[in-house]
Amino acid sequence: MTLSQIENIAQQSPAMHEKENDVRAAQQEIKILHAESSPILQGRIKAGHYTHFNYDGIPRAYIMKPKLGFKYYLFGGNKYLRHITAEAEPAYYKNLSKYDSESRNIRMHIQKSYVTYWENYNIAQELKKILIIFKHDKHIPESVHGILERLRLTTYLARMRTEISLHKMIETIGHKLHSFIPKRPNEKQNTHRIPPSVLRLHPAIEGLIRYYHGQRKLGWLRFLDVKLKLFVRPSYYPAAGRTKMAIIGGLYLNMPIDIMGAVHHANQQLDIDRENILLKLKQDALKSQQEHKITKIKLPIYHKKERFWKNRTKYWYNFLKRVLSRDNGDIKAKNAVNKVPHALRAYREATLKWIHAEAALTLMQYRS
């Protein structure tokens, strides 16, 4: 399995589903408030029994007055502007930010666990090659047995670490995985280019900036509540045998006396929130630049370490293979036999450092 395949599986993890549901719930809240801000249908029916005193006695009669009409908030009204833009939209962007943050954290955990899995898998495979050679060789000096046991222990620990890394990936993605052969993650394109700020590309940050600009443009309309009401009210009087029709219309205005002061303070609050966003963007851009510079410094170092220790591993592996070869007449030579313990130690050390440098280089290249 490749790292990209596991990252795709992680997008369906329970943690991602939870954050995604929060985003969708916030979207539905905005849609509900949009629906509530549409023209409101109002209806009322009033019926009653009344008595009327006159010289003929006390007649009884009934009255019924239905009322039907609609109400609409002009200019959006306080309900639309205050409850939707001032509450629902920032909540939506906040949930979107959590979703994106969770996604990035999961990807980083998976990348680290996968590269650790790949690193220890390769350590076990490399050391296994030497152990196989010694397994079939009956001329092993006594001084080598202790070093071979250490190699076997290192191989065992590497296998156990692959199991730990596998279970960490399972825990992160919430999906069952079986042991697999890992492939070294491919280097991402344009690694030489400074990556853009994560926040700069974040849809939640972009949405909040649009929100701040939109609120500034609204100006005094944010504090103006204008409602238009229009009703048709028929009234039926059984005693008179007549129906009366009434059409009622009204324009209602609610506005604070100090509306300009409210606008001024609201704009100041928006400016502070907007400034905080810009400061975070600036800080994140600086952090991205510095991380890129650090990576540029580290990459040549790890490239050289990788090449050096890989060559040392190959050298000592070929040396041991040659010395332990059945066809080699120098197997009984004292100087050759004496070099075997040192060669084993050197091979083990070079293998561990080579694969560790390769793993660190892989992670840096993949994340940059």
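Model, not experiment: these values are computed from the prediction.

1. Brief notes about the overall build of the chain
The helix and strand inventory of the chain stands at seven helices and four strands. A total of 368 residues make up the chain; the buried ones form 36% of that total. Within the chain, contacts between residues at least 6 apart in sequence are counted, and of these 80% link residues at least 24 apart. Here the chain displays about 23,300 Å² of accessible surface, and carbon together with sulfur accounts for 55% of that area.

2. What about the side chain of Glu-306?
Tracing the backbone through its elements, the reader meets Glu-306 in helix α6 (residues 259-323). Judged by its relative accessible area of 11%, Glu-306 falls in the buried class. Every residue in contact with Glu-306, bar those within four places of it in the chain, is listed here: Arg-184, Trp-354, Ala-357, Glu-358 and Leu-361.

3. Quick look at the nonpolar core
The biggest cluster of nonpolar side chains holds 26 residues, and the ones touching the most others in it are Ile-130, Phe-134, Leu-320 and Leu-344. Elements that contribute at least two residues to this core include exactly α3 (77-135), α4 (142-173), α6 and α7 (334-367). Considering every element that reaches this core, the biggest residue donor is α7, with eight residues. Other than its neighbours up to four places away in sequence, Leu-320 contacts Ile-130, Val-340, Ala-343, Leu-344 and Tyr-347. Membership of the second largest hydrophobic core comes to 15 residues, among which are Ile-6, Ile-110, Tyr-117 and Leu-177.

4. Here we look at the environment of Lys-168
Along the polypeptide, Lys-168 turns up in helix α4. In this structure Lys-168 comes out as partly exposed when scored by relative accessible area, which is 46%. Between the alpha carbons of Lys-168 and Ser-113 there is a distance of 6.7 Å; along the sequence they are 55 residues apart.

5. Quick notes on the environment of Met-364
In this fold, Met-364 is placed in helix α7. For Met-364, a relative accessible area of 16% corresponds to the buried category. Leave out the neighbours within four places in its chain, and Met-364 touches Thr-295, Lys-298, Leu-299 and Tyr-302.

6. Observations regarding the confidence of the model for the chain
Looking at the chain, the pLDDT average stands at 77 and 73% of residues meet or exceed 70. α4 holds the highest mean pLDDT among the elements of the chain, 90, whereas strand β2 (residues 60-74) holds the lowest, 63. Considering only residues more than four positions removed or in separate chains, one finds that residues 327-331, a stretch of pLDDT under 50, has six contacts.

7. Here we look at the packing of aromatic side chains
Two descriptors summarise a pair of aromatic rings, namely the distance from one centre to the other and the angle between the planes of the rings. A full pass over the atoms with the stated rule returns six aromatic pairs. Ring centres of Tyr-114 and Phe-180 lie 6.0 Å apart, and the angle between their planes is 20°; this geometry places the pair in the stacked category. Placement of the pair is Tyr-114 in helix α3 and Phe-180 in the loop between α4 and α5 (203-218), with a sequence separation of 66 residues. Of the residues examined, Tyr-114 reaches a relative accessible area of 0% and is grouped as buried. Here the guanidinium or amino end of Lys-129 rests over the ring plane of Tyr-317, the centre of that ring lying 5.0 Å away.

8. Details of the pattern of salt bridges
Taken as a whole and assessed by the stated rule, the structure comprises five salt bridges. The salt bridge involving Glu-126 is made with Lys-129; its shortest N-O contact spans 3.2 Å. One end of the pair, Glu-126, and the other, Lys-129, are both in helix α3, three residues apart, so they sit about a helical turn from each other. Note on Lys-129: relative accessible area 34%, which makes it partly exposed. In this structure, Glu-306 engages Arg-184 in a salt bridge whose closest nitrogen and oxygen atoms are separated by 3.5 Å. Placement of the pair is Glu-306 in helix α6 and Arg-184 in the loop between α4 and α5, with a sequence separation of 122 residues.

9. Describing the side chain of Ser-165
Within the fold, Ser-165 resides in helix α4. When sequence neighbours within four positions are dropped, the list of residues in contact with Ser-165 reads Ser-113, Thr-116 and Tyr-117.

Scoring rules and cut-offs
- Residues numbered from 1 in each chain as written.
- Predicted model: local features only at pLDDT ≥ 70, side-chain atom pairs only at ≥ 80, totals over all residues.
- Heavy atoms only, no water.
- Helix = DSSP H or I, 4+ residues; strand = E, 2+ residues; numbered from the N terminus.
- Buried < 20%, exposed > 50% of the residue type's maximum accessible area, 1.4 Å probe, protein only.
- Contact = heavy atoms within 4.5 Å.
- Areas by Shrake-Rupley, 256 points an atom, 1.4 Å probe, with all protein chains shown as cover.
- Core = buried A, V, L, I, M, F, W, Y, C linked by side-chain atoms within 4.5 Å.
- pLDDT = per-residue confidence, 0-100.
- Phe/Tyr/Trp six-rings, centres within 6.5 Å; stacked < 30°, edge-to-face > 60°.
- Lys NZ or Arg CZ within 6 Å of the ring centre and 35° of its normal.
- Salt bridge = Lys/Arg side-chain N within 4 Å of Asp/Glu carboxyl O.

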